[in-house]
Amino acid sequence: MESPKFLYLQTFGCQMNVSDSEKIASLLAGVGYQLTEESTAADLIILNTCTVRAKAEEKVYRQLENLRPLKRKKPSLLFGVGGCVAQQEGERLLEKVPYLDLVFGTHNLHRIPQIVLAAEEGRRLSETDFIDNETRLGLFPSDDQPGGVTRFVTVMQGCDNYCSYCIVPYVRGREISRRSADIIAEISQMAANGVKEITLLGQNVNSYGLNDPDQPDFAGLLRMVSDIVGIERIRFTTSHPKDITRPLIDCFAQLPKLCGHIHLPAQAGSSAVLARMNRGYTRQDYLDKVAALRAARPDIAITSDIIVGFPGESEADFAETLSLVEETRYTDIFSFIYSKRPGTAAAEFDGDLPYDLKLERLDRLAEVQKKITREFNKAQVGSVQKVLVERASRRPGQIFGRSSYNQIVNFDGDISLVGSLADVEIIEGYQNSLLGRLVTGH
Ligand code: SAH
Ligand code: SF4
Ligand code: F3S
């Protein structure tokens, strides 16, 4: 029998890459590779990469350099790069990094076994062509892992929005929605395996079905998922504010399984900046959607992504971002300094700001949000919430789960509770998590 080969797989970037990495691991298991946590044990090292900001891209080259000595020790070791940097650079990557053995793009996961087998024979391949939709439909990452408590399910991929700062449409290609029947079959199987919570995943998840008259819209899909027996909670990410429709808002009022949280990236608070970002909504449109969501689910927790230092962002524009954050009272935000990406529209815009100013705005924004998050977390104290228990906490004796609002809750309890929806009284609100106490006798 052949001795096993080991794969060290490192994933950068968003949940879509995490999901793709599961697929890569399972495809390579088919040609004899077992996952290892030890880079030193590897016969093949694959970096599944992100290029959303310049720093993410730089990290890939740095990591390749860090790993390079392993190859000197073991010349048969193969290096591969997949994901969004691979898609962006293609063949050029093999020239830039002479010790790299293989490159595969975001549409070429299914080809990875052949590409690796070719590399084993000394051929250096780069496959980064986008493929047609019909073929892609058959290739969506499907679940072949048995269980867990909470799972992500990809329902659409790609993005057609072309926000002026963003490279994702260029590296992920056009939007495509998976067939609802396939999604429902997969989730039903997961439910049968004991999965309790599903997060529907897509670069622009709430435009699901819009290009395909044979599929339901996103609200329709949510209703279908909600009918699956055994699934107790539903989440989705990431939504675009322009695709928050009335039927989707109604789901928050009508579907008890749909969690009380939405990640709804605003990006900026000034309508002038939003227009230059090509976001397709104004500040007021955004606030109206927030109000409608709150009317449907008064306690809904809203999180956001915010970019500071977009070209031409004035102090007054930035003040509007701060006031949007205060008005919306996000439970949390991810905030980023604008990063110029090659090939995007904004890369050609005038008005680049000095780095120090961008940094200062990032800090000011973080201060404002930190206070709101702390206040929100403190306000939870005394409430009793349903917590889906996911696993043991780092602290011995404690278990870890999430509230409907997607907040982390730690509390004393036995790991036999994993997979159950426990009633937990919140007794402490910290900056990044809550401490609870199991309520018994319910
Ligand atoms: N709709 C996507 C967003 C992906 S990128 C999704 O499914 O998550 C995640 C976030 O990165 C964006 O919301 C945006 O806030 C940020 N981002 C994207 N391009 C950026 C850039 N060039 N500079 C800084 N931040 C950026
Ligand atoms: Fe990028 Fe905008 Fe598409 Fe999100 S919606 S992936 S920010 S282009
Ligand atoms: Fe990064 Fe690609 Fe996701 S650029 S954020 S890994 S879609």
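Residues numbered from 1 in each chain as written. Chains lettered and ligands numbered in written order. Predicted model: local features only at pLDDT ≥ 70, side-chain atom pairs only at ≥ 80, totals over all residues. Heavy atoms only, no water.

Draft legend 1. Summary view of the overall build of the protein chain. The helix and strand inventory of the protein chain stands at 14 helices and 19 strands. Its C-alpha radius of gyration of 23 Å places the protein chain within 12% of the 22 Å reference for a compact globule of 442 residues. Considering only intrachain contacts with a sequence separation of at least 6, the fraction spanning at least 24 residues in the protein chain is 70%. Of the roughly 19400 Å² of accessible surface on the protein chain, a fraction of 52% belongs to carbon and sulfur atoms. (Helix = DSSP H or I, 4+ residues; strand = E, 2+ residues; numbered from the N terminus. Rg over C-alpha atoms; globule rule 2.2 N^0.38 Å. Contact = heavy atoms within 4.5 Å. Areas by Shrake-Rupley, 256 points an atom, 1.4 Å probe, with all protein chains shown as cover.)

Draft legend 2. Quick peek at the sheet that holds strand β17 (residues 408-412). The strand order β15-β16-β17-β19-β18 describes a closed barrel built from five strands, whose pairing is mixed. With strand direction ignored, the average angle separating the axes of adjacent strands in the sheet is 50°. Looking at chain direction, strand β18 (residues 421-429) and strand β19 (residues 434-438) are connected through five bridges and run antiparallel. Paired with Gly429 across the bridge in β19 is Leu434. (Pairing = 2+ DSSP bridges. Axes fitted to C-alpha atoms, helices over the stretch in contact; angles between N-to-C directions.)

Draft legend 3. A look at the UniProt feature "domain: MTTase N-terminal" (unreviewed entry) in the protein chain. Per the UniProt entry, the sites bearing "domain: MTTase N-terminal" (unreviewed entry) are residues 5-121 in this numbering. In the segment residues 5-121, helix accounts for 48% and strand for 21%; the C-alpha atoms at its two ends are 15 Å apart. (UniProt positions renumbered as here; feature names shortened; annotations may be inferred.)

Draft legend 4. Here's a closer look at unusual backbone geometry. The step from Thr237 to Thr238 runs through a cis peptide bond, and the omega angle for that step is 0°. Structurally, Thr238 can be placed in the loop between β11 (233-237) and α10 (246-254). Backbone geometry places Gln267, a non-glycine residue, at a positive phi of 75°. Residue placement: Gln267 occurs in the loop between β12 (261-263) and α11 (271-276). With relative accessibility at 7%, the residue Gln267 sits in the buried group. Of note, the phi angle at Arg329 is positive, near 50°, even though the residue is not glycine. Relative to the elements of secondary structure, Arg329 occurs in the loop between α13 (315-328) and β14 (332-337). (Buried < 20%, exposed > 50% of the residue type's maximum accessible area, 1.4 Å probe, protein only.)

Draft legend 5. Quick look at the site of ligand 1. Near ligand 1 you find 14 residues, and of these Arg53, Gln203, Gln267, Asp305 and Ser339 are the closest. The separation between a nitrogen atom of ligand 1 and a polar main-chain atom of Gln203 is 2.7 Å. One nitrogen or oxygen atom from the side chain of Asp305 is found 2.6 Å from an oxygen atom belonging to ligand 1. Taken together, the elements giving at least two residues each to the shell around ligand 1 come down to β13 (301-308) and β14. Of the residues assigned to the shell around ligand 1, the class counts are six nonpolar, five polar and three charged. (Near = heavy atom within 4 Å. Polar contact = N/O pair within 3.5 Å; in protein donor to acceptor, adjacent residues only side chain to side chain. Nonpolar A, V, L, I, M, F, W, Y, C, P; charged D, E, K, R; others polar.)

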